[in-house]
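Okay, here's what each chain looks like letter by letter:
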Amino acid sequence: MIKRIFAVVLLLNLTACAELQQVVNQLPQGTTIGNTDIAAGLRQALDLGIEKQVSKLTAKDGFYKNDLVKILLPEELKKVDKGLRDIGLGNLADEGLKVLNRAAEDAVKEATPIFVKAVKDITFDDAKNILLGNDNAATQYLTGKTQTELYNKFHPVINNSFGKVGADQIWENLINKYNTIPFTKDVNPDLTDYVTGEALKGVYTMIAVEEKEIRTKASSRTTDLLKKVFALQD
């Protein structure tokens, strides 16, 4: 399906080959689409993913109640969780998990401007590579373009968010209580780094969800441009 669109792109660039001609011959009569339309369609699809899916993560429980992206405890803290529950502090353990997700929700608000810039910078050559790719090729493109910048943006926000949502005090209390349990080894994990990484994974997961929807479901193509570009793969 993606090969059909790519074939049109190559034809517009006056590149000839037998495989290209075979695919182009299968397109509906009268089908016309230009380089600008194809690149713009991909930009619009990514913009839609950011608007519809990433924005969900900034809401209260956007991470915590979304099983696709919910931040769970790192391996070294699973024993903390179990240890606290074993001594009747399950509610405190639940609250500790919740505030990690709250910090991620807060940080994602910083992502949109970075994504918007990356989407605007998509070139026609980028578009060709994306169209040849799999169902999350556009998401992979965004990951490569934004991951370092987003990490640097997220990390201080999450660190500050820990104070704002009370995560620092809650986890200090949690870890201190755990470290007083007899016969346990003390822990002191870098929660800011861990939550930053998990927040990034969540953002890209949700963009990939929308990208796949647009690629595979005609009903998700909500503009004329999306319908025009992606109809060629049907």
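Keep in mind the model is a prediction, meaning the values are calculated, not measured. Once a new chain begins, its residue numbering starts again from 1 and follows that chain's sequence as written. In keeping with the predicted nature of the model, local features appear solely for residues at pLDDT of at least 70, side-chain atom pairs appear and are counted solely at 80 or more, and the whole-chain, interface and lining totals rest on all residues. Only heavy atoms go into the side-chain values, all of them from the structure, while hydrogens and water stay out.

1. With respect to the overall build of the protein chain
(1) Moving on: Regarding its fold elements, the protein chain presents eleven helices and zero strands.
(2) Moving on: A run of H or I in DSSP becomes a helix once it reaches four residues, and a run of E becomes a strand once it reaches two; helices and strands are each numbered from the N terminus. Along the protein chain, helices (α) and strands (β) appear in the sequence α-α-α-α-α-α-α-α-α-α-α when read from the amino end.
(3) Moving on: A contact between two residues is defined here by any heavy atoms of the two lying within 4.5 Å. Within the protein chain, contacts between residues separated by at least 24 positions form 79% of all contacts whose residues are at least 6 apart in sequence.

2. Quick notes on the environment of Ile214
(1) Moving on: You can see Ile214 is positioned in helix α10 (residues 191-216).
(2) Moving on: Separated by twelve residues in sequence, Ile214 and Leu226 place their C-alpha atoms 8.2 Å apart.

3. Side note on the packing of helix α8 (residues 137-164) against α10
(1) Moving on: For helices, the axis comes from a line fit to the C-alpha atoms of the stretch in contact; other axes are also lines fit to C-alpha atoms, and the angle between any two N-to-C directions lies between 0 and 180 degrees. Between α8 and α10, the shortest axis-to-axis distance is 8 Å and the interhelical angle comes to 145°. The handedness of the crossing between α8 and α10 comes out as right-handed.
(2) Moving on: Lys, Arg, Asp and Glu make up the charged group, whereas Ala, Val, Leu, Ile, Met, Phe, Trp, Tyr, Cys and Pro make up the nonpolar group; the residues left over, Gly among them, are polar. Residue classes in the contact of α8 with α10 are distributed as 16 nonpolar, eight polar and three charged. With the far helix as reference, a near helix turned anticlockwise by less than a right angle produces a left-handed crossing, and one turned clockwise produces a right-handed crossing.

4. Side note on the pattern of salt bridges
(1) Moving on: Salt bridge, as used here, is a side-chain nitrogen of Lys or Arg placed within 4 Å of a carboxyl oxygen of Asp or Glu. Taken as a whole and judged by the stated rule, the model has nine salt bridges.
(2) Moving on: With a shortest N-O distance of 3.3 Å, Glu213 and Lys217 are connected by a salt bridge.
(3) Moving on: Take Glu213: its relative accessible area is 25%, and that puts it in the partly exposed class.
(4) Moving on: One salt-bridge network, in which partners are shared between bridges, spans Asp61, Lys65, Arg102 and Glu105. A simple rule labels every residue: compare its accessible area, found with a 1.4 Å probe on the protein chains alone, to the largest value its type can have, and call it buried under 20%, exposed over 50%, or partly exposed in between.

5. Examining the packing of helix α5 (residues 90-108) against α8
(1) Moving on: Packing of α5 against α8 brings their axes to within 8 Å, and their N-to-C directions diverge by 130°. The pairing of α5 with α8 is recorded here as oblique in orientation. The crossing of α5 and α8 is right-handed. Between α5 and α8, the residues in contact are Leu100, Ala103, Asp106, Ala107 and Val108 and Phe154, Val157, Ile158, Ser161, Phe162 and Lys164, respectively.
(2) Moving on: Class assignment for the residues of the contact of α5 with α8 results in eight nonpolar, one polar and two charged. By definition in this entry, angles of less than 35 degrees are roughly parallel, angles greater than 145 are roughly antiparallel, angles of 65 to 115 are roughly perpendicular, and the rest are oblique.

6. A few points about the side chain of Arg215
(1) Moving on: Mapping Arg215 onto the fold places it in helix α10.
(2) Moving on: Residue classification places Arg215 among the buried positions, given a relative accessible area of 2%.
(3) Moving on: Between N or O atoms, a polar contact is any pair within 3.5 Å; within protein, one atom must be a potential hydrogen donor and the other a potential acceptor, and residues adjacent in sequence are included only when both atoms are from side chains. Among the polar contacts made by the side chain of Arg215, one reaches the side chain of Glu211 at a distance of 2.9 Å.

7. Quick look at the packing of aromatic side chains
(1) Moving on: For Phe, Tyr and Trp, where Trp contributes only its six-membered ring, two rings pair if their centres lie within 6.5 Å, and the inter-plane angle classes them as stacked under 30 degrees, edge-to-face over 60, or tilted in between. Applying the stated criterion to the full structure yields one aromatic pair.
(2) Moving on: Seen in terms of ring centroids, Phe115 and Tyr204 are 6.0 Å apart; in terms of plane orientation they differ by 80°. Their pairing is edge-to-face. Here Phe115 is found in helix α6 (residues 111-120), whereas its partner Tyr204 is found in helix α10, with 89 residues between them in sequence.
(3) Moving on: A ring is scored as having a charge over it whenever the NZ atom of a lysine or the CZ atom of an arginine sits within 6 Å of its centre and within 35 degrees of its normal. Positioned over the ring face of Tyr64 is Lys70, at 4.6 Å from the centre of the ring.

8. A short note on unusual backbone geometry
(1) Moving on: Look at Asp61: it is not a glycine, yet its phi comes out positive at around 70°.
(2) Moving on: Note that Asp61 resides in the loop between α3 (35-57) and α4 (75-86).

9. Details of the confidence of the model for the protein chain
Should the pLDDT be low somewhere, the predicted coordinates at that spot are not to be read in detail.
(1) Moving on: Values of pLDDT, ranging from 0 to 100, describe the predictor's confidence in every residue of the model. Per-residue confidence for the protein chain gives a mean pLDDT of 76, with 79% of residues at or over 70.
(2) Moving on: Every residue in residues 1-29 scores below 50 in pLDDT, and together they form 45 contacts with partners more than four places removed in sequence or on other chains.

10. What about the nonpolar core?
(1) Moving on: Each nonpolar core is a collection of buried residues, namely Ala, Val, Leu, Ile, Met, Phe, Trp, Tyr and Cys, held together in the definition by side-chain atoms within 4.5 Å. In this structure, Phe115, Phe154 and Trp171 are the most contacted members of the largest nonpolar core, which totals 60 residues.
(2) Moving on: Here Phe115 is in contact with Ile50, Val54, Leu142, Thr146, Leu150, Val203, Tyr204 and Ile207, once residues within four sequence places are set aside.

11. Focus on the environment of Glu198
(1) Moving on: Relative to the helices and strands, Glu198 resides in helix α10.
(2) Moving on: Among the residues examined, Glu198 registers a relative accessible area of 18% and is labelled buried.
(3) Moving on: Spatially, the C-alpha atoms of Glu198 and Leu72 are 8.8 Å apart, while their sequence positions differ by 126 residues.
(4) Moving on: When sequence neighbours within four positions are dropped, the list of residues in contact with Glu198 reads Phe63 and Ile71.

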